[in-house]
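# Coordinate inspection notes
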Amino acid sequence: MADDLLAVLDRNSPFDAFAEEPALDAHAVSELAAIDGAEGRLVELAGDPAAPPARRYAAAEALLQGQLEDWRSSPDSVRAVADALAVSLREDTSHNRWGLPGHFAGRLGKQLVALPSGVDEALEPLLDDNAPLVIEGSEAATINEMAHYRIADLAAYLLSLHRGSVWDAPVKPSKRAKFIARLKG
Amino acid sequence: MHKQQQRTSASPEPAGSRRAPVGPAPLPAPARAVPAGRPQASPDALAGILARTVSQRTLARKKTIKNGTATFVIDPYKMHLPNEDGDDTDRQVGVDVGVTYVPAKNVTSDKIAFVQTIKATKGGAAYLFDNMKARATDDTSDEAGWAVDRVAGRKSPIYGQDNDDSASGTVTFGHRKTRKWWSDKVQNAMMRDYVKLNRVKGQAVTTDAVSWAFDETNGTYLGGVSWGFSTDSTGTTSLMAPALESAGAPTGVHKTALQNWNAQADLQDVSQRNSPDQAKIVVP
């Protein structure tokens, strides 16, 4: 039945989804939930570094939507989802669904920082990623354009939210580096 | 439907005379000596750089719109790079716009700012971010999909205003503190907007916006200018000719967008608000 599962996951690329809409709709998640052993297989895919990022992203999205919940009681499974989300954040083509540093956490950013474990380990590797954020919109895109936010800034912002610490990073990117360095374990 | 807006082709060249799109053109190199051994740009490459520079300068030409003795200045007004006409690929499209409001001589105000209404579409459908869904106009309005333009988490409806009421880096608040013409106590209100939207191959993408000058001291609107862009399914982008949308207060769907902002501020579920302490806006 693994092929059925992959067929649902691969139906649409989560990277092409509208900025803040789930990569899988409720119908697709129901299809997955009806497959024997789907939850374990989704967790396995989410945590598999060799799996395509789009498939890991879709697997994590499916697990986050509420129809499959057993994984939340296993720290290893939670860590797998956190890892998949961090990889998805890094690879994504629209970061609105993750957040804008200092302004808001998006739908997936909120879900990531709310995970009970694995968040620090998943986000810390992104603190050195200087790729620019891709923010869509009007004012949000303007703020991003002016502040030159990077993956590292967003990871640091989400890490701050997760840890309950204050985000008072400097506006200048060069000065933000020092602030971000303090967040590293 | 919202009234049809005149759009102007982004390319100053006649169809057919344009070079085949080859992706983002290189930026002009800074004027400095080329070190020995480094290959120099070919004449064709230099011609391409020159053509693009002229093109961008043409697009960036400022537009002045009179509103009585007040003036709106649209400058800059240009597309983002890379943005080749007919580049039908997955890419970001958008517009870089600056709006300045020069106050009328009969205005006395300690604070003049902008409230902006906006609508974006992808593939013909309204494109709304989570924080805007609860306040966007719907099919019962003149046109669905319009909303007050504020980034999530900000309580004020004034574009670019931070939660401590200061101006963020995207705006300068204006004022006019005397009616005497020789007074120097005048600051023009300014805002900057870099609209960006992801587009997939074959997808039409549009943005229409109206920047409304707002006298916060007296709670009155001082007129609004419309602007925007559209990228069609072939990847060709056109900028809307900026125009005076209204000499005074927002009407029609724009007024509804203001009313919807206030309705969002009243939502019991604070997670559906733009900010938990979302402030209301003056509705004319």
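This text goes with the structure placed above it.
All figures in this text were calculated on a predicted structure; none of them were measured in a lab. (Residues numbered from 1 in each chain as written. Chains lettered and ligands numbered in written order. Predicted model: local features only at pLDDT ≥ 70, side-chain atom pairs only at ≥ 80, totals over all residues. Heavy atoms only, no water.)

Take the overall build of chain A next. When you go through chain A residue by residue, the secondary structure sums to 10 helices and 2 strands. Traced from its N-terminal end to its C-terminal end, chain A shows the element sequence α-α-α-α-α-β-β-α-α-α-α-α. For chain A, whose C-alpha radius of gyration is 16 Å, the value lies close to the compact-globule estimate of 16 Å for 185 residues. Along the first, second and third principal axes, the C-alpha set of chain A runs to 50 × 35 × 25 Å. Residues classed as buried in chain A amount to 54% of the 185 residues present. Within chain A, residue pairs in contact and separated by at least 24 positions form 69% of the contacts whose partners lie at least 6 positions apart. A total accessible area of about 7,700 Å² is found for chain A, and carbon and sulfur atoms account for 51% of it. (Helix = DSSP H or I, 4+ residues; strand = E, 2+ residues; numbered from the N terminus. Rg over C-alpha atoms; globule rule 2.2 N^0.38 Å. Buried < 20%, exposed > 50% of the residue type's maximum accessible area, 1.4 Å probe, protein only. Contact = heavy atoms within 4.5 Å. Areas by Shrake-Rupley, 256 points an atom, 1.4 Å probe, with all protein chains shown as cover.)

All names here are of chain B. Counted by the stated rule, this structure contains 7 aromatic pairs over all chains. Centroid distance Phe72 to Tyr101: 5.1 Å. Interplanar angle 55°. Geometry classified as tilted. Of this pair, Phe72 sits in strand E3 (residues 70-79) while Tyr101 sits in strand E4 (residues 91-102), placing them 29 residues apart in sequence. Taken individually, Phe72 and Tyr101 each receive the classification buried, so the pair is uniform in this respect. (Phe/Tyr/Trp six-rings, centres within 6.5 Å; stacked < 30°, edge-to-face > 60°.)

What follows is about the sheet that holds strand E2 (residues 63-67) of chain B. Residue and element names in this part refer to chain B. As summarised here, the arrangement of the 5 strands in space is E2-E3-E4-E11-E8, forming an open sheet in which the pairing is antiparallel. A strand with exactly one partner marks an edge of an open sheet, and here the two such strands are E2 and strand E8 (171-172). Where E4 and strand E11 (residues 189-199) come together, 11 bridges link them in antiparallel fashion. Counted as the bridge partner of Val97 is Asp193 from E11. (Pairing = 2+ DSSP bridges.)

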